Amino acid sequence: MDKFLFFVLYHAELKKILLLMRVVIIFIFLSVGLLRAGDSYSQNALFSLKMKNTTVKEVLGEIERNSEFIFIFTDHIIDLNRKLSIDIRDKTIDQVLTELFRHTDNEYEVMDRQIIIMKKDIPAGKEADKPDEVRQATSYTIRGYLTDSLTTEALISGTVYDKITLSGTTSNQYGFYSLTLPAGEVDIVYSYVGYTTKVISIKLVKDTVINTSLSGILDIEEVVVTAQKAEKIQNRTQMSVLSLPVAQIKSLPALLGETDVLKVLQLMPGVQSGGEGTSGLYVRGGGPDQNLILLDGVPVYNASHMFGFFSIFNADAINNVEMLKGAFPARYGGRISSVLDIYLKEGNMQKFSGEGSVGLVSTKFTFEGPVWKDRTSFIVSGRRTYIDALTRPLMAISNRKSDSKNVYGYYFYDLTAKINHKISDRDRIYLSAYAGDDKFYIKDKTKIDVYNDHQKKEGETKTNSDLKWGNITTALRYNRVISNKLFGNLTFTFGRYRLHNVTESREKYKETDLLVSPPVDTMINNYYGGKYNSGILDWAGKVSFDYIPSARHYIRWGAGTIYHTFEPGAMNTKEGNLDFRYGGKKVYTLEYNAYIEDDLQLTRRLKANIGIHWSGFNVRNRFYHIWQPRLALRHLITDQISVKASYSRMGQYIHLLTNSTIGLPTDLWIPATDRIDPQVADQVALGYAHQFKKEYEISVEAYYKDIRNVVEYMEGASFFEASDDWENKIIQGKGRSYGMEFFVQKKTGSFTGWIGYTLSWTDRKFGDINEGRRFPYKYDRRNDLSIVLIKRLKDHIELSGSWVFGTGNCVTLPVGIYEGDHPITGKPPRFFREEIKDYGGRNSYRMAAYHRLDLSISFIKAKKWGERRWVFGLYNAYNRKNPFYIDIESAFDKSTEKIYYKYVQYTLFPVIPSVSYQFKF
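Since the model is a prediction, treat every value here as computed from it, not as a measurement.

What counts, and at which threshold
- Residues numbered from 1 in each chain as written.
- Predicted model: local features only at pLDDT ≥ 70, side-chain atom pairs only at ≥ 80, totals over all residues.
- Heavy atoms only, no water.
- Helix = DSSP H or I, 4+ residues; strand = E, 2+ residues; numbered from the N terminus.
- Buried < 20%, exposed > 50% of the residue type's maximum accessible area, 1.4 Å probe, protein only.
- Contact = heavy atoms within 4.5 Å.
- Areas by Shrake-Rupley, 256 points an atom, 1.4 Å probe, with all protein chains shown as cover.
- Polar contact = N/O pair within 3.5 Å; in protein donor to acceptor, adjacent residues only side chain to side chain.
- Pairing = 2+ DSSP bridges.
- Salt bridge = Lys/Arg side-chain N within 4 Å of Asp/Glu carboxyl O.
- pLDDT = per-residue confidence, 0-100.
- Phe/Tyr/Trp six-rings, centres within 6.5 Å; stacked < 30°, edge-to-face > 60°.
- Lys NZ or Arg CZ within 6 Å of the ring centre and 35° of its normal.
- Arc of directions from axis to C-beta.
- Axes fitted to C-alpha atoms, helices over the stretch in contact; angles between N-to-C directions.
- Core = buried A, V, L, I, M, F, W, Y, C linked by side-chain atoms within 4.5 Å.

Draft legend 1. Representation of the overall build of the protein chain in the model. Of regular secondary structure, the protein chain possesses seven helices and 54 strands. Buried positions account for 51% of the 921 residues belonging to the protein chain. Sequence separation of at least 24 residues holds for 66% of the intrachain contacts in the protein chain that already meet a minimum separation of 6. Entry remark: accessible area of the protein chain is about 42,400 Å², with carbon and sulfur atoms responsible for 56%.

In structure tokens form, the structure reads like this:
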């Protein structure tokens with residue numbers, strides 16, 4: 001009954017989400033119908049014009065009245081009073097304009113709905129006709145969106161700058177930019193990583209809208225990447241940031257051929273994995289709970305599939321990946337170690353397209369296209385494993401001659417969807433959703449057949465066990481260009497992480513007593529059931545603004561709130577007719593935040609990002625709040641070299657209780673309470689950035705991070721003690737991490753890659769653990785090195801390889817074992833002596849060093865329908881036996897006739913080949 005009620009409640013909650021999505025989609029299409037009913041435009045639309053002895057101004061006005069095209073020009077560029085006669089029938093806009101400007105010195109460019117009219121061969125750097133003092137006194141704003149020319153996807157953090165004044169800006173996460181410049185001639189340069197650079201020259205005499213699209217290198221059949229970088233590393237105020245192009249993520253070798261965003265991040269300096277095969281992130285000494293992982297702005301609490309071997313992020317559905325390890329801008333908050341900001345694709349507004357792959361572990365497929373061309377687009381992406389389907393035949397064979405019929409399996413799936421609609425040139429609305437689950441199940445049926453002199457038993461035992469965990473995230477956002485300099489965004493989100501474990505065992509048999517005559521039969525029915533639930537549910541809303549008053553300032557501010565429901569862990573058990581419930585009750589909390597920041601140009605060489613983030617947390621009539629100042633400075637020593645410095649304070653109101661003894665997803669998310677304080681971290685960093693030969697980047701950073709109020713299980717406490725409340729099982733302490741990171745990267749050319757190295761120290765200190773002394777954090781890794789290389793051979797073969805080396809993880813092992821009295825009663829056991837293990841200091845033993853080589857080769861071929869790619873990979877190419885965990889085993893020495901103990905290392909992955917077939921159309 002409990003299981004049935006949970007099923008009903010869960011699906012009732014899901015119905016609410018689906019109903020919300022349905023209402024929003026209906027609203028979108030009603031908006032389209034009401035605002036733009038019957039409206040359409042196209043460069044292929046046909047015009048018929050017959051005007052005699054009229055002016056150019058009247059002709060352009062007639063075109064604007066009969067279409068959605070808007071002309072951008074100035075009186076100095078075109079003679080509007082020139083008289084002409086025109087008689088055109090069923091011509092495209094290109095043909096009309098070609099005829100209109102046939103005998104003039106003008107040219108034009110059609111961009112979306114805009115037609116920019118320019119002078120032919122305008123020399124670069126030409127000054128305006130107005131005097132300098134007039135030019136400087138008057139300024140205007142150019143604003144618009146920067147997008148991909150084929151898919152209309154937003155190009156995030158693209159560079160927009162004027163070659164004449166050298167003033168510039170970047171596009172935000174929606175592709176919006178705003179640049180205020182002095183009146184006169186301007187040469188606007190648009191650039192983005194992996195795209196061709198575009199330059200637009202106009203005479204700026206009024207506020208102007210220019211929506212610009214760039215072509216990717218594949219669109220123009222280039223083999224060598226020659227596009228300019230979005231922003232030079234030495235020019236950025238931001239430090240401790242990692243930006244990964246999705247194409248580069250897909251090019252690297254992957255475990256079992258499954259492309260993984262988090263595993264690529266683990267190859268970066270300052271970012272470590274938890275261990276062999278895992279997808280967790282440990283950033284600058286922090287734990288996995290201290291990473292703010294955002295999927296389209298929604299926090300994700302468990303980002304792992306397959307017990308941590310893969311992440312939940314499908315690279316085919318991702319538009320942009322950015323990770324911050326420090327120098328956090330004020331707009332981010334809620335975690336103390338890192339921010340991983342992932343934005344989904346918005347869907348192709350021009351045409352239908354798709355891509356997918358079939359590999360050893362899973363199959364995935366992505367489909368996108370326009371619902372209403374140039375207005376509404378969608379994208380749907382799905383992935384599922386088939387491990388359970390492959391193992392069923394093997395289990396059927398093994399069960400054929402056995403009294404026990406065992407069926408067990410595992411699978412995971414994830415589904416991502418997004419719809420994007422342009423209400424107008426100023427207004428857009430987005431709805432995105434993600435759902436994913438892992439399920440591990442065991443079904444066992446065993447015969448009971450017992451016969452002896454006393455009794456006889458005949459029947460069977462059935463045991464079913466399901467372990468399921470997963471995420472749901474939903475984001476509805478509306479943004480508007482409020483003015484040429486002000487951009488606003490309103491977002492509502494829902495997020496849920498759930499762990500659900502159900503075990504049922506039913507024993508049914510007939511027992512015959514053979515000692516009586518006649519024998520007596522008794523029917524026995526025994527039942528045991530257990531259910532464990534844990535998770536966290538969030539409802540949130542936030543509003544944010546981007547204000548760019550001039551090229552010297554980029555101001556952001558906003559506020560938001562989150563309503564959390566924590567279920568730290570509750571267990572229901574049933575034995576016969578008796579029901580028991582253990583564990584903590586649900587905890588309801590409210591979290592608030594507000595921020596303001598400014599990225600400002602102080603002098604030609606000095607730039608700063610200054611801001612403050614405030615957060616509050618209301619729980620059990622207790623209110624916490626934390627002021628979090630942020631500061632980042634960048635000083636240009638030369639045009640190629642800069643030094644940077646930063647300070648940031650971060651606050652975190654949630655904790656993760658991790659049981660290190662098991663590999664199952666039984667970690668518990670718990671809030672700060674009236675008994676447990678929130679986590680706080682202060683981090684300072686100093687860096688050096690250098691670009692040389694235009695294609696190489698070098699960065700060096702040193703950092704120190706102080707952490708307070710981290711949590712840990714008390715000595716001897718664990719997840720399995722369900723009878724005790726979680727608040728009674730934990731202790732709080734402090735930690736610190738410091739070190740240096742070195743990074744050399746080549747981002748352009750047919751040969752790309754990077755070398756990253758980290759030297760670091762990380763420790764923890766708790767009053768009642770390790771006698772109050774500091775001890776190394778489990779993932780304290782002194783040396784961490786990664787080398788990544790990607791080589792493109794011609795246009796159809798791509799080679800890639802990565803080699804990693806890391807100091808071994810710290811573990812706690814016994815230093816001695818001896819036999820003694822029973823540890824509780826203090827009396828000698830009746831039949832054997834108790835083994836007493838003498839442990840040394842916490843995490844005082846370090847496992848062997850970890851190193852591994854991964855290789856991949858891709859064969860790419862263009863087809864009539866698109867592109868296909870065969871990818872062959874080799875994980876752990878030289879079969880290194882890396883330590884997974886260490887155990888102690890006993891052995892018997894025949895020569896001395898004594899038992900001795902030894903450490904035994906277990907390895908998880910040997911060399912693993914893989915193959916996958918990928919396609920795109």
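Draft legend 2. Geometry of the side chain of Gln679. Residue placement: Gln679 occurs in strand 39 (residues 679–692). Given the relative accessible area of 2%, Gln679 is considered buried. A distance of 3.5 Å separates the side chain of Gln679 from the side chain of Asp289, its partner in a polar contact. A polar atom in the side chain of Gln679 sits 2.9 Å from the side chain of Gln290. Once residues within four sequence positions are removed from consideration, Gln679 is found in contact with Asp289, Gln290, Ile336, Ile626, Met650, Gly651, Gln652, Ile654, His655, Arg708, Asn709 and Val710.

Draft legend 3. Main features of the environment of Arg675. Take Arg675: it is sitting in the loop between strand 38 (668–671) and strand 39. When the C-alpha atoms of Arg675 and Arg622 are compared, they prove to be 9.7 Å apart, with 53 residues separating the residues in sequence. If we skip the residues at most four places from it in the chain, Arg675 touches Glu727, Asn728 and Gln732.

Draft legend 4. Layout of the sheet that holds strand 18 (residues 298–299). Strand order in the open sheet formed by five strands is 14-21-22-17-18, and the pairing between neighbours is mixed. In this open sheet, the two edge strands, each paired with only one partner strand, are strand 14 (241–244) and strand 18. The pairing of strand 17 (residues 291–295) with strand 18 spans two bridges and is antiparallel. Paired with Leu295 across the two strands is Val298, which belongs to strand 18.

Draft legend 5. Inspection of the pattern of salt bridges at higher detail. Going through the model one piece at a time under the given rule, you end up with 31 salt bridges. Across the pair Asp414 and Arg383 runs a salt bridge whose closest N-O atoms are separated by 2.7 Å. Pair noted here: Asp414 is in strand 26 (residues 404–422) and Arg383 is in strand 25 (residues 376–385), with a separation of 31 residues, a long-range link. Accessibility expressed as a relative area gives 3% for Asp414, which makes it buried. Two residues, Arg708 and Asp706, come together in a salt bridge whose shortest N-O distance is 2.8 Å.

Draft legend 6. Quick look at the confidence of the model for the protein chain. Taken as a whole, the protein chain shows an average pLDDT of 80; of its residues, 82% reach a score of 70 or greater. Ignoring residues within four places in sequence, the model shows residues 122–136, a span with pLDDT below 50, making 24 contacts including any to other chains. For residues 218–230, every residue scores under 50 in pLDDT, and the model assigns this stretch 36 contacts once sequence neighbours within four places are set aside.

Draft legend 7. Summary view of the packing of aromatic side chains. Within the structure shown, the criterion is met by 35 aromatic pairs. Between Phe176 and Phe487, the aromatic rings sit 4.8 Å apart at their centres with planes inclined by 25°, giving stacked as the arrangement. With a gap of 311 residues between them, Phe176 in strand 9 (residues 176–182) and Phe487 in strand 29 (residues 486–513) connect regions that are remote in the sequence. According to the relative accessible area criterion, Phe176 is buried, its value standing at 0%. Note on Phe487: relative accessible area 1%, which makes it buried. Pairing Phe692 with Tyr696 gives two aromatic rings, centres 5.3 Å apart and planes at 10°, and the pair type is stacked. The rings of Phe365, Phe859, Trp870, Phe872, Tyr917, Phe919 and Phe921 are connected pair by pair, giving a single aromatic cluster. Here the basic side chain of Arg384 rests over the ring of Tyr411, its NZ or CZ set 4.3 Å away from the ring centre. Across the ring face of Tyr554, the terminal group of Arg556 is positioned such that the distance to the ring centre comes to 4.0 Å.

Draft legend 8. Up close: helix 3 (residues 93–100). All of the buried residues in helix 3 are Ile93, Val96, Leu97 and Leu100. Along the long axis of helix 3, the arc covered by the buried residues comes to 90°, so they all point the same way.

Draft legend 9. How the structure looks around the pairing of strand 52 (residues 883–893). Across 10 bridges, strand 52 lies against strand 53 (residues 898–907) in antiparallel orientation. Bridge pairing in strand 53 links Tyr885 to Tyr906.

Draft legend 10. Layout of the sheet that holds strand 8 (residues 168–170). Pairing is antiparallel across the open sheet formed by four strands, whose spatial order is 8-7-10-11. At either end of the open sheet lies a strand with only one pairing partner, and these are strand 8 and strand 11 (198–204). Strand-to-strand twist of the sheet, defined as the mean angle between neighbouring strand axes without regard to direction, takes the value 20°. Examined bridge by bridge, strand 10 (residues 184–191) and strand 11 share seven bridges and lie antiparallel to one another.

Draft legend 11. Seen up close, the nonpolar core. Counting 72 residues, the largest nonpolar core has Phe313 and Leu340 as the members making the most contacts within it. With four residues, the top contributor of residues to this core is helix 6 (residues 261–265). Discounting chain neighbours no more than four positions away, the residues touching Phe313 are Val261, Leu262, Ile293, Leu295, Ala303, Ile318, Ile342 and Arg383. Listed in part, the 22 residues of the second largest apolar core include Phe47, Phe69, Leu84 and Leu100.

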